[in-house]
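Chains, contacts and geometry: an overview
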Amino acid sequence: QVQLVESGGDLVQPGGSLRLSCATSGIIFSSYGLHWYRQAPGKRRELVAAITVGGSTNYDDSVKGRFTISRDNAKNKVYMQMNSLKPEDTAVYYCHAAVYRGGYTDYWGQGTQVTVSS
């Protein structure tokens, strides 16, 4: 059974930091591209950050220079360090894993709430 479980979401003041974690099980972790998405109330889910099998990263312009995605293949975990948080970063953050292997296969976590407010 495949599971992606996010943690680390919290209420934080503007300018603060959080580190999100996503623990995975049931997949060959090192074979999957990994992503963090977010969805704010009333808005569509959007891709925030991505990391490839080889460790290359990509970010939405809104978080470049503030967020850092990383992966630990030994622990089957993906992280996102979020610094200089802004109120507009408030959203539910989702972990996503995907692989092309005879077809596209992907999995989602249940999400973790990040609220940036004073």
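Refer to the preceding data block for the structure.
To keep things clear, this report deals only with the structure shown in the data block. (Residues numbered from 1 in each chain as written. Predicted model: local features only at pLDDT ≥ 70, side-chain atom pairs only at ≥ 80, totals over all residues. Heavy atoms only, no water.)

As for the sheet that holds strand S8 (residues 77–82)
Taken together, the four strands give an open sheet; going across it, the order is S1-S3-S8-S7, and neighbouring strands pair in antiparallel fashion. Sheet topology places strand S1 (3–7) and strand S7 (67–72) at the edges, where each strand pairs with a single neighbour. Ignoring which end each strand starts from, the neighbouring axes of this sheet average 15° apart. The pairing of strand S3 (residues 18–25) with S8 spans six bridges and is antiparallel. Looking at the pairing, Leu20 lines up with Met80 of S8. (Pairing = 2+ DSSP bridges. Helix = DSSP H or I, 4+ residues; strand = E, 2+ residues; numbered from the N terminus. Axes fitted to C-alpha atoms, helices over the stretch in contact; angles between N-to-C directions.)

Considering the pairing of S8
Looking at chain direction, S7 and S8 are connected through six bridges and run antiparallel. Residue Asp72 lies in a different strand from S8, and its bridge partner there is Lys77. With antiparallel pairing between neighbouring strands as the criterion, S7 and S8 make up a hairpin whose turn holds four residues, including Asn76 at a positive phi of roughly 60°.

Side note on the nonpolar core
One finds Trp36, Phe67, Val78, Met80, Met82 and Tyr93 to be the most contacted residues of the largest nonpolar core, which totals 29 residues. Secondary-structure elements contributing two or more residues to this core are S3, strand S4 (33–39), strand S5 (46–51), S7, S8, strand S9 (91–100) and strand S11 (112–116). Setting aside residues no more than four positions away along its own chain, Tyr93 makes contact with Glu6, Leu20, Trp36, Tyr37, Arg38, Val48, Phe67, Met80, Met82, Gly111, Thr112 and Val114. (Core = buried A, V, L, I, M, F, W, Y, C linked by side-chain atoms within 4.5 Å. Buried < 20%, exposed > 50% of the residue type's maximum accessible area, 1.4 Å probe, protein only. Contact = heavy atoms within 4.5 Å.)

Quick notes on the pattern of salt bridges
Oppositely charged side chains may form a pair once their charged atoms are brought near each other. Tallied over the full model, the rule gives four salt bridges. For Arg38, the salt bridge identified is with Asp89, shortest N-O distance 3.0 Å. Taken as a pair, Arg38 in strand S4 and Asp89 in the loop between S8 and S9 lie far apart in primary sequence, 51 residues in all. Look at Arg38 and you get buried, because its relative accessible area is 6%. A salt bridge links Asp61 to Lys64; the nearest nitrogen and oxygen atoms lie 3.1 Å apart. One connected set of salt bridges, linked through shared partners, spans Arg38, Glu46, Arg66 and Asp89. (Salt bridge = Lys/Arg side-chain N within 4 Å of Asp/Glu carboxyl O.)

Points about unusual backbone geometry
Not every positive phi belongs to a glycine, and Asn76 is a case in point at roughly 60°. Given a relative accessible area of 26%, Asn76 falls into the partly exposed group. With a phi close to 50°, Ser84 is a non-glycine residue in the positive phi region. Here Ser84 is to be found in the loop between S8 and S9.

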